[in-house]
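For reference, the chains in residue letters:
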Amino acid sequence: MDKTIGSLAEAVSKIDDGSVVMIGGFGGSGAPIELIHALIDRFKATQHPKELTVVNNNAGNGKIGIAAMIELGMVRKMVCSFPRSYDPKAFSEAYLRGDVDLELVPQGTLAERIRAGGAGIPAFFTPTSYGTELAEGKQIQEFDGKPFVMERWLKADFSLVKADKADQHGNLCYHLAARNFNPLMCMAAEHTIVQAREIVAPGQIDPEHIITPGLFVDVVVEVPEPIQEEDMIRAGEEYV
Amino acid sequence: MTLPKLSNAQMAWRAAQDITDGAYVNLGIGLPEQIAKFQLEGRHITYHTENGILGFGPAPEKGREDWDLINAGKKAVTLKPGAALFHHADSFAMVRGGHLDLAVLGAYQIAQTGDLANWRVGSKGVPAVGGAMDLVHGAKRVAVITDHVTKDDKPKLVEKCTFPLTGVGCISRIYTSLAVVDIEDGRFVLKEKVPSLTFDQLQSLTGAKLHTTGNVTDLIAPELDQ
């Protein structure tokens, strides 16, 4: 079994119009920028995929990554907790024009919805957002005398994930806090696409150090010197 | 009149006095995170950040940042000995599971019932919530650090929030630029106030009735660099 795939273009070739795509990372940390840009390359060449629903904690910064996807018109809807971090102009303008919908989700609820999606749990109850406008229309139930809000699982057609080290079976390790949403998104997608700085033979990662078991991963592509989104933004780079 | 307010650093200093040895704490972006600068000597406090770190330390030297090691405010941080890394669902299990001892957040308004409004001021613009709605229901104690009044001297401590809520009945203590106020049984109870304001003057700057249940002590902070 070898889940390694030869190129970034091939890795993202199956993502079609209207897909729900989870994209790992928290800001630039753990953002699979090369996979995103490979998807953008495909869009520039073919005008597909478009009408995407993108799930990410944020909604892109500057003119690269998710922000570039939005600016190019690939995205119909964002599901995120904080679409207003550093230089979020691409999303803000598209949202205020009505070109992109927003489903705003509290960050912990977002993480748990994705985890639930991966774990086969269709709904769960949480105190988060009770009594706020983000709970409007949602089922409320009391447990042990306290009110809780029902939240649904969140699943995706595809996940784009950044790992540090992978083996050919798709077992993954992450670098520092670049882990964030990545392991959850691996679990919640029909088809999980991973970029890893290094791909090694099975057995070369200590099983005790594996964070994401390869069962959750479909394909892995090696990106030996991944770019940091933060460095690109600081350098004023664009990918639109 | 010019109000005899504590500076932001002095407010952060005051909040830091209450953080006990061994506590696991989440400090919100902005003013709350300044509290870490005034951690008392001899107290070991472990800071949590939503994106998956327990035990992070101050920013590294310029040029030595690793952009995979950031805090919730997307600023580069460092790891202290004994730090731990984990994914987002574990991070919020720490929050929602009631494992954090304290969360300190900023505020637009706090109601006497402990309701907090701190994520948006109306229905215009782009809304963003982050982890605030999770934090207010997870930590064992949730405190607020804020100026006592708005920029145009309107009360931020009110009977009922008019801005969209972050959480209902979730705040237990407020550190303001003029006072320390607890929320007990759906009312504001004044614990400390700056000595140069009378109770009545402070009441006039507060949008709901201030109660007392014992001595109100003087809120005095040392002179601090901003």
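Refer to the structure printed above.
Here goes a summary of the coordinates provided. (Residues numbered from 1 in each chain as written. Chains lettered and ligands numbered in written order. Predicted model: local features only at pLDDT ≥ 70, side-chain atom pairs only at ≥ 80, totals over all residues. Heavy atoms only, no water.)

### Details of the sheet that holds strand S7 (residues 116–117) of chain B
Sheet strands pair via backbone hydrogen bonds, and the direction of the pair is either parallel or antiparallel. Residue and element names in this part refer to chain B. Sheet architecture is open: three strands sit in the order S7-S6-S9, paired in mixed fashion. Of all strands in the sheet, those bounded by a partner on one side alone are S7 and strand S9 (157–158). Alignment of strand S6 (residues 109–111) against S9, held across two bridges, turns out to be parallel. Bridging across to S9, Ile110 finds its partner in Leu157. (Pairing = 2+ DSSP bridges. Helix = DSSP H or I, 4+ residues; strand = E, 2+ residues; numbered from the N terminus.)

### Re the sheet that holds strand S5 (residues 123–126) of chain A
Residue and element names in this part refer to chain A. Read across the sheet, three strands follow the order S5-S7-S6 without closing on themselves; strand pairing throughout is antiparallel. Bordering the open sheet on either side are S5 and strand S6 (140–143), each of which pairs with just one other strand. Neighbouring strand axes in the sheet, compared pairwise and without regard to direction, differ in orientation by 40° on average. Along the sheet face, helix H5 (residues 107–119) touches S5 and strand S7 (146–152) and points at about 155° away from the line of S5. (Axes fitted to C-alpha atoms, helices over the stretch in contact; angles between N-to-C directions. Contact = heavy atoms within 4.5 Å.)

### Things to note about the interface of chain A and chain B
Taken together, the contacts link 48 residues of chain A with 36 residues of chain B. Each partner contributes to the roughly 3400 Å² buried at the junction of chain A and chain B, and carbon and sulfur atoms together form 63% of this total. When the buried surface of chain A facing chain B is broken down by residue, Phe26(A), Gln107(A) and Leu176(A) rank first, second and third, together holding 16% of it. Our enumeration of links across chain A and chain B arrives at one salt bridge. A salt bridge links Glu133(A) to Arg120(B); the nearest nitrogen and oxygen atoms lie 3.0 Å apart. Counting across the interface, chain A meets chain B through 24 residue pairs in polar contact (both at pLDDT 80 or more). When residues of the side of chain A that touches chain B are traced back to their parent elements, those giving at least two are helix H4 (89–97), strand S4 (101–104), H5, S5, helix H6 (182–188) and helix H7 (229–234) of chain A. Counting residues per element, the side of chain A that touches chain B draws most heavily on H5(A), which supplies six residues. Taken together, the residues of the side of chain A that touches chain B sort by class into 21 nonpolar, 19 polar and eight charged. (Buried area = accessible area lost by both parts, 1.4 Å probe. Salt bridge = Lys/Arg side-chain N within 4 Å of Asp/Glu carboxyl O. Polar contact = N/O pair within 3.5 Å; in protein donor to acceptor, adjacent residues only side chain to side chain. Nonpolar A, V, L, I, M, F, W, Y, C, P; charged D, E, K, R; others polar.)

### Overview of the pattern of salt bridges
Residue and element names in this part refer to chain A. Under the counting rule described, the total for this entry stands at 22 salt bridges over all chains. A salt bridge links Lys77 to Glu103; its shortest N-O distance comes to 3.0 Å. Placement of Lys77 in strand S3 (residues 75–80) and of Glu103 in strand S4 is noted, with a sequence separation of 26 residues between them. Classification of Glu103 by relative accessible area gives partly exposed; the value is 24%. For the salt bridge of Arg197 with Glu198, the shortest nitrogen-to-oxygen distance reads 3.8 Å. Overall, the relative accessible area of 32% leaves Arg197 in the partly exposed class. (Buried < 20%, exposed > 50% of the residue type's maximum accessible area, 1.4 Å probe, protein only.)

Scope: geometric values only; no functional claims are made or implied.
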